[in-house]
Amino acid sequence: MRKVTILMVTMFILAVSIVFLQVVSNQVVSVNSQDLYVYNWGDYIDEELIDQFEAETGYNVVYETFDSNESMYVKVNSGSSPYDVIFPSEYMVEKMESEHLLVELDKSLLPNLENVDPYFLNQAFDQDNKYSVPYFWGTVGIAYNTEMYDQLEIDYPTSYADLWNPALVDNVLLLDGAREVVGSSLNSLGYSLNSTDEQELNQAKQNLLNLAPNVKGVVGDEIKMLMANEEAAAAIVWAGDAQLIQEDNEAIEFITPESGSNIYLDNIAIPKTSQNIEGAHAFINFLMDNEVASVNTEYVGYSSPITEVMNEPEHLEDETYYPDVEVMENLEYYANLDPDNLKRYNNIFLEFKISL
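Because the structure is predicted, anything quoted here is derived from the model rather than measured.

1. Describing the confidence of the model for the protein chain
With 91% of its residues at a pLDDT of 70 or more, the protein chain has an overall mean of 91. Here residues 1–32 is a poorly scored stretch, pLDDT under 50, and it has three contacts once near neighbours within four places are set aside; other chains count.

Written out as structure tokens, the structure reads:
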């Protein structure tokens, strides 16, 4: 019996040793590897540029996509995947920075940072861009079908409040996002889309309940197809999606409400999971190259923060996707709400959806 016990213990120690050696071996392979793990939004880069980066640097890019800041955060926070480069929006940068999930950037490895327009640098969510650099930006606004509006004999929208027009019954689509929907209701009332005032939030909730008869649906990515196919006269959408809708339907116009709306800024950062920090910096610097950014902007369709790209003639003249200063002054980034206030927004949104 004693011999059996000794044999079992010996086998156990041997098995543990083998596992340990495999783990150590895998870590060494990963650290010394030219693999670069990139985690981005879906359809948010010209993948031919990835091929170009690999050819120029020798790195092998392992590319994966996510569909929300929250799903990306959960995966990075779990440490289950060795991501080297991620693309969080502004409020998520702030959240991840506060939880020590991001690597501080080495600016000496990012000479192309000088190509970024100063307007998008040193924002409150990441002072001095210690942890992130801008990637693409845009606004939330209203995409509307001019032909359908003409048939309804109503004026084209200029603010979110116009979506409450009774003539638009069953003719408005909304993004499936609490911040976008509650924020547009707050803006329509003249309040900040980051309000935490209880009275203002209660008004915004009642305002949304009043909008319900006009709402055809609360949807995700299919909002582009639905608007292109004229399933609704108007929709609250991101500017980049509006541009894609316009490519399929020339009757579509897009406006960023002058009275206020959201400006979003998607960024590039290095998460704590990175095992190839040098390669991550190389990839980030590559994306800020003037020529690369121009090609990428043409493919993605969102607005570029790269000064030279913004100054290209077609962009200088495009106030729809590069609004003038007066409009920009009334735009707000989403603040990183504390858990209690975020829950309030989600509850308002859920109660509104139940009412539909």
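2. Examining the side chain of N112
Inspection of the secondary structure puts N112 in the loop between α4 (90–98) and β4 (132–145). Here N112 is in contact with N285, M288 and D289, once residues within four sequence places are set aside.

3. Observations concerning the packing of aromatic side chains
Under the definition given, this model contains 20 aromatic pairs. Seen in terms of ring centroids, Y144 and Y156 are 5.3 Å apart; in terms of plane orientation they differ by 40°. Their pairing is tilted. Here the residue Y144 occupies a position in strand β4, and Y156 occupies one in the loop between α5 (146–152) and β5 (172–175), the gap between them amounting to 12 residues. Relative accessible area serves as the criterion here: at 36%, Y156 is assigned to the partly exposed category. The structure contains a cluster of three or more aromatic residues connected by ring pairs, namely Y44, F87, Y135, F136, Y264 and Y302. Residue placement shows K95 over the ring face of Y73; its charged tip is 4.8 Å from the ring centre. Above the ring of Y345, the side-chain terminus of R179 is found at 5.3 Å from the ring centroid.

4. What to know about the pairing of strand β1 (residues 35–41)
Burial analysis of β1 places five of its seven residues in the buried class, which makes it a mostly covered element. In the sheet, β1 pairs with strand β2 (residues 60–66) via seven bridges, with the strands oriented parallel. Along β2, the bridge assignment pairs L36 with V61. Here β1 runs beside strand β3 (residues 85–86); their pairing, made up of two bridges, is parallel. In the strand pairing of β3, V38 is matched with V85.

Criteria and thresholds
Residues numbered from 1 in each chain as written. Predicted model: local features only at pLDDT ≥ 70, side-chain atom pairs only at ≥ 80, totals over all residues. Heavy atoms only, no water. pLDDT = per-residue confidence, 0-100. Contact = heavy atoms within 4.5 Å. Helix = DSSP H or I, 4+ residues; strand = E, 2+ residues; numbered from the N terminus. Phe/Tyr/Trp six-rings, centres within 6.5 Å; stacked < 30°, edge-to-face > 60°. Buried < 20%, exposed > 50% of the residue type's maximum accessible area, 1.4 Å probe, protein only. Lys NZ or Arg CZ within 6 Å of the ring centre and 35° of its normal. Pairing = 2+ DSSP bridges.

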